[in-house]
Amino acid sequence: MTTFSFHNSIADIGQETWDALVHRPDSGLDYPFIRYGFLHALESSGSVCVKTGWQPLHMVINDPEPVGVMPLYVKQHSYGEYVFDWAWADAYQRYGLEYYPKLLNAIPFTPSTGPRLCLSADLSPEQQAELHQAAAQALTQVCRQHKLSGWHSLFLDTDSLALLKGDGVKRRLGSQYHWFNQGYHDFDDFLSTFSSRKRKNVRKERQKIDQQAISHRFLNGHQITDAELDSFYDFYQVTYLKRGRSGYLNRDFFHQLCQSIPDNLLFCIASKDGQDVAAALYLQDSATLYGRYWGSLEEFDSLHFETCYYQGIDYCIAKGLKRFDPGAQGEHKIQRGFKPIETWSVHWLAEAGFDQAISQFLAEEETMMREHMAVLEAQLPFKADNLNDRNAG
């Protein structure tokens, strides 16, 4: 008999149980953000907790042993999600209803597509489909029992999107900009696919880094020193403070990542005159590089593009990675060879009175999103004879 249990801490589930279901590198399932080490670091560092508005409520599917896990949180706000539902919350408030708390299936502070319900490899496709639908029903039941406004599953991979469905579950389209490796030999090989003018623009940006005598180095979690980690954290916080608030994550979180998933972690550090002046944090798996956080103490011409984009492309080509996900937003990525791609989330709201309005909103939003993506697609920098290859990425 299949049962569902819910846990207020990932530590209650344990690393052995969790990673046995979410981390199978031999089968290509090595998405770093859902690993125990990443999620546990969020909780044990205090970055994710009741005080910060993220109450863990992780789901375990038992039959009778654990056959599935899902990262799950009760949210008191919509910060750190990158699928924006502030308008929905405002609409609830106008009608005298409470939108928060809500139930969220996502990776905190991580707008990166990946698995959101991980199931045992021993299950058949039919069993996996049944458990996805059963999980959706279980989430709905939790919302009704605890008077939560609804549940939301963000940045789903293709398999989860197709299977996580049920009555009242709605899909929402978003967009990001990703780079795809077409078997390039080096960065110049990649640039050879650009039109002449766009190629010159990128080369000028990279030349400015040389002209400012700035160098870069990559370090993984094993290699970075405490002093370098402190510098990175200062850069990270300064960047958020420029926007008028502190970063979501504390130093202890990054320190724990260096210990728990060091091989998945990359620091790209920029130096000038023997001093570190900026840094970017990446994560990686067997196929993809993920750009996450960036910061600098001073402003240097084109340094953000170099540290966050061009160094990442260089790394992907050198290591044979297939894709580079540099993070959310940023249409300026288009001119640098990052293609607009679809991202998806699914949503269920308990208040039936909003059903028609939300459905209409999502339909109109999807139409506008597809039109916008088509406009951006036409702005890609590639030569005409390379566009088909880019679209196939």
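Below you will find a few notes about this structure. (Residues numbered from 1 in each chain as written. Predicted model: local features only at pLDDT ≥ 70, side-chain atom pairs only at ≥ 80, totals over all residues. Heavy atoms only, no water.)

In this section: the nonpolar core. If you look at the biggest cluster of nonpolar residues, it comprises 48 residues, and the most contacted ones within it are Phe38, Leu39, Phe232, Phe254, Phe267 and Tyr293. Mapped by element, the contributors of at least two residues to this core are α1 (10–13), α2 (15–22), α3 (36–44), α9 (226–241), α10 (251–260), β11 (265–272), β12 (275–284) and β13 (288–296). No other element matches α9, which puts 6 residues into this core. Core analysis: the second largest hydrophobic core is formed by 35 residues, Phe300, Cys308, Ile317 and Phe324 among them. (Core = buried A, V, L, I, M, F, W, Y, C linked by side-chain atoms within 4.5 Å. Buried < 20%, exposed > 50% of the residue type's maximum accessible area, 1.4 Å probe, protein only. Helix = DSSP H or I, 4+ residues; strand = E, 2+ residues; numbered from the N terminus.)

Two elements in contact, helix α8 (residues 196–211) and helix α11 (residues 303–319), have axes whose closest approach is 10 Å; the angle formed by their N-to-C orientations is 110 degrees. The pairing of α8 with α11 is recorded here as roughly perpendicular in orientation. Note on element contacts: α11 touches α8 through Leu303, Phe305, Glu306, Tyr310, Gln311 and Asp314, opposite Val202, Glu205, Arg206 and Ile209. Residue classes in the contact of α8 with α11 are distributed as 5 nonpolar, 1 polar and 4 charged. (Axes fitted to C-alpha atoms, helices over the stretch in contact; angles between N-to-C directions. Parallel < 35°, antiparallel > 145°, perpendicular 65-115°, else oblique. Contact = heavy atoms within 4.5 Å. Nonpolar A, V, L, I, M, F, W, Y, C, P; charged D, E, K, R; others polar.)

On to the packing of α3 against α10. Remark: α3 packs on α10, axes separated minimally by 9 Å, with the N-to-C direction vectors making an angle of 150 degrees. Taken as axis vectors, α3 and α10 run roughly antiparallel relative to one another. Along this stretch, α3 crosses α10, giving a crossing that reads as right-handed. For the pair α3 and α10, contact is made by Gly37, Phe38, His40, Ala41, Leu42 and Ser44 and by Asp252, Phe253, Gln256, Leu257 and Ser260, respectively. Classifying every residue of the contact of α3 with α10 gives 5 nonpolar, 5 polar and 1 charged. (Left-handed = near helix turned anticlockwise from the far one by under 90°.)

For the rest of this paragraph, the subject is the pattern of salt bridges. Evaluated as defined, the whole model comprises 15 salt bridges. With a shortest N-O distance of 2.3 Å, Asp230 and Arg251 are connected by a salt bridge. Of this pair, Asp230 sits in helix α9 while Arg251 sits in helix α10, and the two are 21 residues apart along the sequence. The closest approach of N and O atoms between Glu366 and Arg370, which form a salt bridge, is 3.2 Å. (Salt bridge = Lys/Arg side-chain N within 4 Å of Asp/Glu carboxyl O.)

Quantified by volume, the largest pocket comes out at close to 860 Å³. Split by residue class, the lining of the largest pocket holds 17 nonpolar, 13 polar and 8 charged. What the second largest pocket holds in volume is close to 720 Å³. If you trace the second largest pocket, you find 30 residues lining it, with Tyr82, Tyr240, Arg243, Arg292 and Ala328 closest to the centre. Every element with two or more residues in the lining of the second largest pocket is listed here: α9, β12, β13 and α11. It is β13 that provides the largest number of residues to the lining of the second largest pocket, a total of 4 residues. Partitioning the lining of the second largest pocket into residue classes produces 16 nonpolar, 9 polar and 5 charged. (1 Å grid on protein atoms, 1.4 Å probe; cavity = no way out; pocket = protein on both sides within 12 Å on 5 of 7 lines; lining within 4 Å. Points joined across faces, edges and corners; volume = space filled by probe spheres on them.)

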